[in-house]
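Structural description and commentary
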Amino acid sequence: MISTVPHPDNSEVRVSCAVITVSDTRTPETDKSGQLIRQFLQNAGYPILNYQIIKDEPQDIIELLKKLCQIPELNACIFNGGTGIAPRDTTYDALEQLLEKTLPGFGEIFRALSYHEIGSRAIASRAVAGVYQGKLVFSVPGSSNAVKLAMQQLIMPELAHLVKLL
């Protein structure tokens with residue numbers, strides 16, 4: 001049996017997050033994936049210090065992450081969208097160059113779990129996670145199903161533990 005909490009941690013950890021949707025077309029009203037991420041975080045009692053929708057422009061993504069990481073009380077940034085291989089999918093490329101440490105298992109496990117849901121199309125996902133300037137950074141595909149999978153099975157079970165490690 002696989003434990004969902006490999007290292008039980010009874011201490012309360014306050015986790016403050018930023019939620020960023022990378023999209024050329026979404027608005028706050030149509031951003032179902034961003035709303036879903038916010039809902040998961042709010043249900044856990046985690047404050048959302050910033051929520052934005054930005055265009056899939058690498059320099060904008062880089063500048064935003066750098067700006068967000070200047071907020072002392074911020075612990076994690078969760079990006080959604082722009083992780084595929086289409087020409088406008090640049091989130092992975094922008095974030096990957098900044099990450100000081102990567103969590104390869106995040107992308108590997110995400111793709112393995114996705115494979116069970118969508119089959120071989122999971123190979124096109126460039127989900128990634130790591131650390132930049134002492135903050136956790138997660139980047140997941142923009143579909144609501146992908147966000148739900150990542151939040152339920154990977155991010156929420158480990159978020160407080162990873163923040164505590166940092």
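Residues numbered from 1 in each chain as written. Predicted model: local features only at pLDDT ≥ 70, side-chain atom pairs only at ≥ 80, totals over all residues. Heavy atoms only, no water.

For the protein chain, the name recorded in an unreviewed UniProt entry is Molybdenum cofactor biosynthesis protein B, with Planktothrix paucivesiculata PCC 9631 as its organism. In its Pathway (unreviewed entry) section, the UniProt record describing the protein chain reads: "Cofactor biosynthesis; molybdopterin biosynthesis." A UniProt comment under Sequence similarities (unreviewed entry) is attached to the protein chain, and it reads "Belongs to the MoaB/Mog family." (UniProt positions renumbered as here; feature names shortened; annotations may be inferred.)

1. Describing helix α2 (residues 58-68)
Every buried residue of α2 is accounted for by Ile61, Ile62, Leu64, Leu65 and Leu68. Angularly, the buried residues of α2 cover 165° about the axis, an arc narrow enough to put them on a single face. Those residues of α2 hidden inside the fold are in contact with β1 (17-22), β2 (48-54), β3 (76-80), α3 (91-96), β5 (128-132) and β6 (135-140). (Buried < 20%, exposed > 50% of the residue type's maximum accessible area, 1.4 Å probe, protein only. Helix = DSSP H or I, 4+ residues; strand = E, 2+ residues; numbered from the N terminus. Arc of directions from axis to C-beta. Contact = heavy atoms within 4.5 Å.)

2. Overview of unusual backbone geometry
Not every positive phi belongs to a glycine, and Gln133 is a case in point at roughly 50°. Inspection of the secondary structure assignment puts Gln133 in the loop between β5 and β6.

3. Focus: the UniProt feature "domain: MoaB/Mog" (unreviewed entry) in the protein chain
UniProt's entry tags residues 18-162 with the feature "domain: MoaB/Mog" (unreviewed entry), counted in the numbering of this structure. Structurally, residues 18-162 comprises 43% helix and 21% strand, and the distance from its first C-alpha atom to its last is 16 Å.

4. With respect to the packing of aromatic side chains
Applying the stated rule across the entire model yields 1 aromatic pair. Stacked on the ring of Tyr51, the Lys or Arg Arg38 has its end atom at 4.0 Å from the ring centre. (Phe/Tyr/Trp six-rings, centres within 6.5 Å; stacked < 30°, edge-to-face > 60°. Lys NZ or Arg CZ within 6 Å of the ring centre and 35° of its normal.)

5. A short note on the packing of helix α1 (residues 32-43) against helix α5 (residues 144-165)
Two numbers describe how α1 lies on α5: the axes approach to 10 Å, and their chain directions differ by 25°. The pairing of α1 with α5 is recorded here as roughly parallel in orientation. Of the two elements, α1 crosses α5, and the hand of that crossing is right-handed. Contacts between α1 and α5 pair Lys32, Ser33, Leu36, Ile37, Phe40 and Leu41 from the former with Ser144, Val147, Lys148, Met151, Gln152, Met156 and Leu159 from the latter. Of the residues assigned to the contact of α1 with α5, the class counts are 8 nonpolar, 3 polar and 2 charged. (Axes fitted to C-alpha atoms, helices over the stretch in contact; angles between N-to-C directions. Parallel < 35°, antiparallel > 145°, perpendicular 65-115°, else oblique. Left-handed = near helix turned anticlockwise from the far one by under 90°. Nonpolar A, V, L, I, M, F, W, Y, C, P; charged D, E, K, R; others polar.)

6. Describing the state of the cysteines
The tally for this structure, following the rule as stated, stands at 0 disulfides. Looking at the unpaired Cys17, the closest cysteine sulfur is the one in Cys77, lying at 8.3 Å. On the accessibility criterion, Cys17 (0% relative accessible area) is buried. Note on Cys69: no disulfide assigned, nearest cysteine sulfur contributed by Cys77 at a separation of 4.9 Å. On the basis of relative accessibility, which here comes to 6%, the residue Cys69 falls in the buried class. (Disulfide = S-S within 2.5 Å.)

7. Quick notes on the pattern of salt bridges
One pass over the full model with this rule turns up 4 salt bridges. Of the charged contacts, one joins Asp24 and Arg88 as a salt bridge, the two residues approaching to 2.8 Å between their closest N and O atoms. Of this pair, Asp24 sits in the loop between β1 and α1 while Arg88 sits in the loop between β3 and α3, placing them 64 residues apart in sequence. For Arg88, a relative accessible area of 38% corresponds to the partly exposed category. We note a salt bridge from Arg126 to Asp93, for which the minimum N-O separation is 3.0 Å. Of this pair, Arg126 sits in the loop between α4 (104-118) and β5 while Asp93 sits in helix α3, placing them 33 residues apart in sequence. (Salt bridge = Lys/Arg side-chain N within 4 Å of Asp/Glu carboxyl O.)

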